[in-house]
Amino acid sequence: MNPTIEQTRAAASVDRTIQLISTGATPGEACTPDLAKGPWEFDAGPAGYGPGSSMGDVIPTGSPLQGALPEAYRTASNDELHARIRAAKAALGDRVVVLGHFYQRDEVIEHADFVGDSFQLANAALSRPDAEAIVFCGVHFMAETADLLSAPEQSVILPNLAAGCSMADMADESSVEECWEQLADVYGDLSAVDADGRVPVIPVTYMNSSAALKGFVGRHGGIVCTSSNAKTVLEWAFERGQRVLFFPDQHLGRNTAKAMGVPLSQMPMWNPRRPLGGNDAAALDDARVILWHGFCSVHRRFTVDQIAAAREAHPSVQVIVHPECPMPVVDASDAAGSTDFIVKAIQAAPAGSTFAIGTEINLVQRLAAEYPQHTIFCLDPVVCPCSTMYRIHPGYLAWVLEELVEGRVVNRVTVPADVADPARLALERMLAAKPAPVGA
């Protein structure tokens, strides 16, 4: 018998799983008991990413903070919050569009008009040009990207301003500017071309970065990439530059370049706290890809030992991981790809397949609930969601929507024009970079 919608949602809910673990009602382990608390308990400070995978990461000074959520939303039951969200959306109609990232808790995804990865959602917003407000249930850099691509009269709203991204924060504009100056000391004029028409270095930033860094690469002839098009983007960059500066995620850069045949010896790490990033001039001169010392705390949790345990318990298991995972994990898996790649692989699999997935637990548990004909589980047995995605709760969504009903825009995210123009240029370059035809 097929499960009901209510049963599927209950099975998909990571929040429900955490609550059951916290009360001892179900076996299992969460990475911190604080996950069972409402995220508003962490809004008052001190500043931090909140409980979950990034709770040990150091947050930069001046990071956005969320003001106090009104008590009515903090004390309301889940049923009441869902009813208020539905009523507010009905009152607003086409004036609002709600976007939900794959990694959002299922109680938020339930109300999303579009679900996808960060760039899919930014593009989805473009399909609703008449919407006055775009409510982006994700993290800060995603809301910035939506603001870059949306019409000036549209408001982009992030339900909880404390929903940042620790990986995006690992590369800030001043550190990257300093890196660029040091590279100029090594390579000379960074705008000078060689006999093949290539400059010394092309900057490439992952979508998971601030608008300021997208603006930096736009100003310096660079480009943005996603986890699904990183190979195409690196090919574009190598046609124009002798080497690439890739930030902020070292693992996506390393895994992509390695698959393209770039030796590890030509992928030095750049540590922004050390002169020349901790390298000597000879190593930088020989480099093909300079990797920034950044990482995703969600995907860093996955290990080769976890893969070995999954294969021992399930001999026919297919291990699929995200390319933000460390290289040994990617190498030990059966496949690596973006969140959309993972979703499509499960959708296309024959009934009875078994998958061990190395990505954020909200997506994995949702897939397991939506595809009960398969056995799907997370490689990491400890429940540890993305700290910042988990800062978005139905209470915040109800609040921003009801404020819109009253004619008030709260938590608007805007990108200044001097940043937005070059950032859009970097995004346009990405959109224009098309993969080579198969067999070409």
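As a reminder, the structure under discussion sits directly above these lines.
**Student:** Lay out helix α11 (residues 230-240) with the relevant residues and their values.
**Tutor:** For an α-helix, 3.6 residues make a turn, and residues three or four places apart therefore share a direction. Considered for burial, the residues of α11 that qualify are Ala-230, Thr-232, Val-233, Leu-234, Trp-236, Ala-237 and Phe-238. Tucked into the core, α11 has its buried residues touching β5 (202-206), β6 (223-225), β7 (244-247), α12 (250-259), β9 (289-292) and α19 (417-432).

**Student:** Can you tell me about the state of the cysteines, naming the residues and giving the values?
**Tutor:** All told, the structure shown has 1 disulfide when counted by the stated rule. Each disulfide pairs two cysteine sulfurs, and for Cys-31 the partner residue is Cys-384, the sulfurs being separated by 2.3 Å. The sign of the 80° torsion about the S-S bond sets the Cys-31-Cys-384 disulfide as right-handed. Taken as a pair, Cys-31 in the loop between α2 (14-23) and α3 (71-75) and Cys-384 in the loop between β13 (375-378) and α18 (394-405) lie far apart in primary sequence, 353 residues in all. Between Cys-225, a cysteine without a disulfide, and Cys-165, which holds the nearest cysteine sulfur, the sulfur-to-sulfur distance is 14 Å. A relative accessible area of 0% means that Cys-225 is categorised as buried. No disulfide involves Cys-296; its sulfur sits 6.7 Å from the nearest other cysteine sulfur, which is in Cys-386.

**Student:** Tell me what's going on with α2, and back it up with residues and numbers.
**Tutor:** Taken residue by residue, α2 has Val-14, Asp-15, Thr-17, Ile-18 and Ile-21 as its buried positions. Seen end-on, α2 carries its buried residues on one side only, within an arc spanning 160°. Considering only its buried residues, α2 is in contact with α1 (5-12), α5 (106-109) and α17 (361-370). N-cap assignment for α2: the residue whose side-chain oxygen lies 3.5 Å from the backbone N of Asp-15 is Ser-13. Backbone geometry just after α2 places Gly-24 at a positive phi near 80°.

**Student:** Give a detailed account of the environment of Ile-18, specifying residues and quantitative values.
**Tutor:** Looking at the element boundaries, Ile-18 is found in helix α2. Judged by relative accessible area, Ile-18 falls into the buried class, the value being 2%. Between the alpha carbons of Ile-18 and Ile-357 there is a distance of 19 Å; along the sequence they are 339 residues apart. With residues near it in sequence (within four places) discarded, Ile-18 still touches Leu-35, Ala-36, Val-383, Pro-385 and Tyr-390.

**Student:** For the packing of helix α7 (residues 140-149) against α19, give the residues involved together with the corresponding values.
**Tutor:** Interaxial distance between α7 and α19 falls to 10 Å at its minimum, and their mutual angle equals 90°. On the basis of their axis angle, the class for α7 and α19 is roughly perpendicular. Here Thr-145, Asp-147, Leu-148 and Leu-149 of α7 lie close against α19, whose contacting residues are Ala-420, Ala-423, Arg-424 and Leu-427. For the contact of α7 with α19, the class distribution of residues is 5 nonpolar, 1 polar and 2 charged.

**Student:** So what's going on with unusual backbone geometry? Which residues, and what values?
**Tutor:** Trans peptide bonds make up most of the peptide bonds, and negative phi angles are found at most residues other than glycine. Here Phe-247 and Pro-248 are connected by a cis peptide whose omega angle stands at 0°. Checked against the element boundaries, Pro-248 lands in the loop between β7 and α12.

**Student:** How would you explain empty space enclosed by the protein if you had to name every residue and give the values?
**Tutor:** According to the stated counting rule, one finds 4 cavities of 30 Å³ or more in the structure shown. Counted as a void, the largest cavity has a volume near 350 Å³. Looking at the largest cavity, it is lined by 29 residues, and the ones nearest its centre are Tyr-103, Phe-141, Met-142, Asn-208 and Glu-324. Mapped by element, the contributors of at least two residues to the lining of the largest cavity are α6 (118-126), α7 and α8 (166-169). A breakdown of the residues in the lining of the largest cavity according to their chemical character gives 13 nonpolar, 13 polar and 3 charged. Put simply, the second largest cavity is a space of about 70 Å³. What lines the second largest cavity is simply Asp-34, Leu-35, Lys-37, Gly-38, Pro-39, Phe-42, Pro-51, Arg-105, Ser-387, Tyr-390 and Arg-391. Across the lining of the second largest cavity, the residue classes tally to 5 nonpolar, 2 polar and 4 charged.

**Student:** Describe the sheet that holds strand β1 (residues 96-101), and please don't skip the residues or the numbers.
**Tutor:** Here 4 strands make up an open sheet; going across it, the order is β2-β1-β3-β4 and the pairing parallel. Because the sheet does not close on itself, it has two edges, and the strands there are β2 (114-116) and β4 (155-157). If you compare each strand with its neighbour and ignore which way they point, the axes differ by 20° on average. In this structure, strand β3 (residues 133-137) lies alongside β4, joined through 3 bridges in parallel fashion. Following the sheet pairing, Ala-133 is matched in β4 by Ser-155.

**Student:** Summarise the pattern of salt bridges; cite the residues concerned and give the values.
**Tutor:** In this structure the tally under the stated criterion is 22 salt bridges. For the salt bridge of Lys-37 with Asp-34, the shortest nitrogen-to-oxygen distance reads 3.2 Å. Given a relative accessible area of 39%, Lys-37 falls into the partly exposed group. Lys-89 is paired through a salt bridge with Asp-113; the nearest N and O atoms lie 2.9 Å apart. Note that Lys-89 is positioned in helix α4 (residues 78-92) and Asp-113 in the loop between α5 and β2, a separation of 24 residues in sequence. A single network of salt bridges, built from pairs that share partners, joins Arg-9, Arg-86 and Glu-110.

**Student:** Which residues make up the packing of aromatic side chains, and what values do they have?
**Tutor:** For any two aromatic rings, the description comes down to two numbers: the centre-to-centre distance and the angle of the planes. Counted under the stated rule, the structure contains 4 aromatic pairs. Ring geometry for Trp-40 versus Tyr-396: centroids 6.3 Å apart, planes at 45°, classification tilted. Taken together, the positions of Trp-40 in the loop between α2 and α3 and Tyr-396 in helix α18 put the pair 356 residues apart, joining distant regions of the chain. Taking 6.4 Å as the distance between ring centres and 65° as the angle between the ring planes, the aromatic pair formed by Phe-216 and Phe-247 counts as edge-to-face.

Reading the values: rules and limits
- Residues numbered from 1 in each chain as written.
- Predicted model: local features only at pLDDT ≥ 70, side-chain atom pairs only at ≥ 80, totals over all residues.
- Heavy atoms only, no water.
- Buried < 20%, exposed > 50% of the residue type's maximum accessible area, 1.4 Å probe, protein only.
- Helix = DSSP H or I, 4+ residues; strand = E, 2+ residues; numbered from the N terminus.
- Contact = heavy atoms within 4.5 Å.
- Disulfide = S-S within 2.5 Å.
- Arc of directions from axis to C-beta.
- Polar contact = N/O pair within 3.5 Å; in protein donor to acceptor, adjacent residues only side chain to side chain.
- Axes fitted to C-alpha atoms, helices over the stretch in contact; angles between N-to-C directions.
- Parallel < 35°, antiparallel > 145°, perpendicular 65-115°, else oblique.
- Nonpolar A, V, L, I, M, F, W, Y, C, P; charged D, E, K, R; others polar.
- 1 Å grid on protein atoms, 1.4 Å probe; cavity = no way out; pocket = protein on both sides within 12 Å on 5 of 7 lines; lining within 4 Å.
- Points joined across faces, edges and corners; volume = space filled by probe spheres on them.
- Pairing = 2+ DSSP bridges.
- Salt bridge = Lys/Arg side-chain N within 4 Å of Asp/Glu carboxyl O.
- Phe/Tyr/Trp six-rings, centres within 6.5 Å; stacked < 30°, edge-to-face > 60°.

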